[in-house]
Amino acid sequence: MQLDRQTFQDRLNEGKAAYQQGDPSDACPYNMNGSVEERFGYRYWTRGWSMARSEAEGQPQQTAGASAGQ
């Protein structure tokens, strides 16, 4: 595996998709104590999962705030 921008984006997208499917954060298929490739995958998969969770939790607040201001 090459550790490049495309792989980084792929891992982020995998994490986001996992969150949307309802997978828990500890369902990451990569090992944080493994090889360099495994650690790379773990880091960015969990980052993508966290980003998706933050986006999902933030949207209702933004929508409610926008509605209240109108």
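Residues numbered from 1 in each chain as written. Predicted model: local features only at pLDDT ≥ 70, side-chain atom pairs only at ≥ 80, totals over all residues. Heavy atoms only, no water.

(A) Spotlight on the side chain of Arg11. Summarising the element assignment, Arg11 is placed in helix H1 (residues 5–20). For Arg11, the side chain forms a polar contact with the side chain of Glu14, separated by 3.0 Å. (Helix = DSSP H or I, 4+ residues; strand = E, 2+ residues; numbered from the N terminus. Polar contact = N/O pair within 3.5 Å; in protein donor to acceptor, adjacent residues only side chain to side chain.)

(B) The arrangement of H1 in detail. If you check H1, its first and last C-alpha atoms are 23 Å apart, about what 16 residues at 1.5 Å a residue would give, namely 22 Å. Looking at H1, one finds that the buried residues are Thr7, Arg11, Leu12, Gly15 and Ala18. Burial along H1 is one-sided: seen end-on, the buried residues are contained in an arc of 140°. Exposed side chains of H1 directed beyond 90 degrees from the buried face belong to Arg5, Gln6 and Gln20. Where H1 terminates, the next one or two residues include Gly22, which has phi positive at roughly 90°. (Expected span 1.5 Å × (residues − 1). Buried < 20%, exposed > 50% of the residue type's maximum accessible area, 1.4 Å probe, protein only. Arc of directions from axis to C-beta.)

(C) A look at the packing of aromatic side chains. For the structure shown, the criterion picks out 3 aromatic pairs. With a centroid separation of 5.2 Å and 85° between ring planes, the pair formed by Tyr19 and Trp49 is classed as edge-to-face. With Tyr19 in helix H1 and Trp49 in helix H2 (residues 36–69), this residue pair connects regions lying 30 residues apart in the sequence. For Tyr19, a relative accessible area of 24% corresponds to the partly exposed category. The class of Trp49 is buried, set by a relative accessible area of 10%. An aromatic cluster of three or more residues is present, and its members are Phe8, Phe40 and Tyr44. (Phe/Tyr/Trp six-rings, centres within 6.5 Å; stacked < 30°, edge-to-face > 60°.)

(D) The arrangement of the pattern of salt bridges in detail. Taken as a whole and judged by the stated rule, the model has 2 salt bridges. Note that Glu14 is salt-bridged to Arg11, the shortest N-O span being 3.0 Å. With Glu14 and Arg11 both in helix H1 and 3 residues apart, the pair spans about one turn of that helix. The closest approach of N and O atoms between Arg53 and Glu57, which form a salt bridge, is 3.3 Å. (Salt bridge = Lys/Arg side-chain N within 4 Å of Asp/Glu carboxyl O.)

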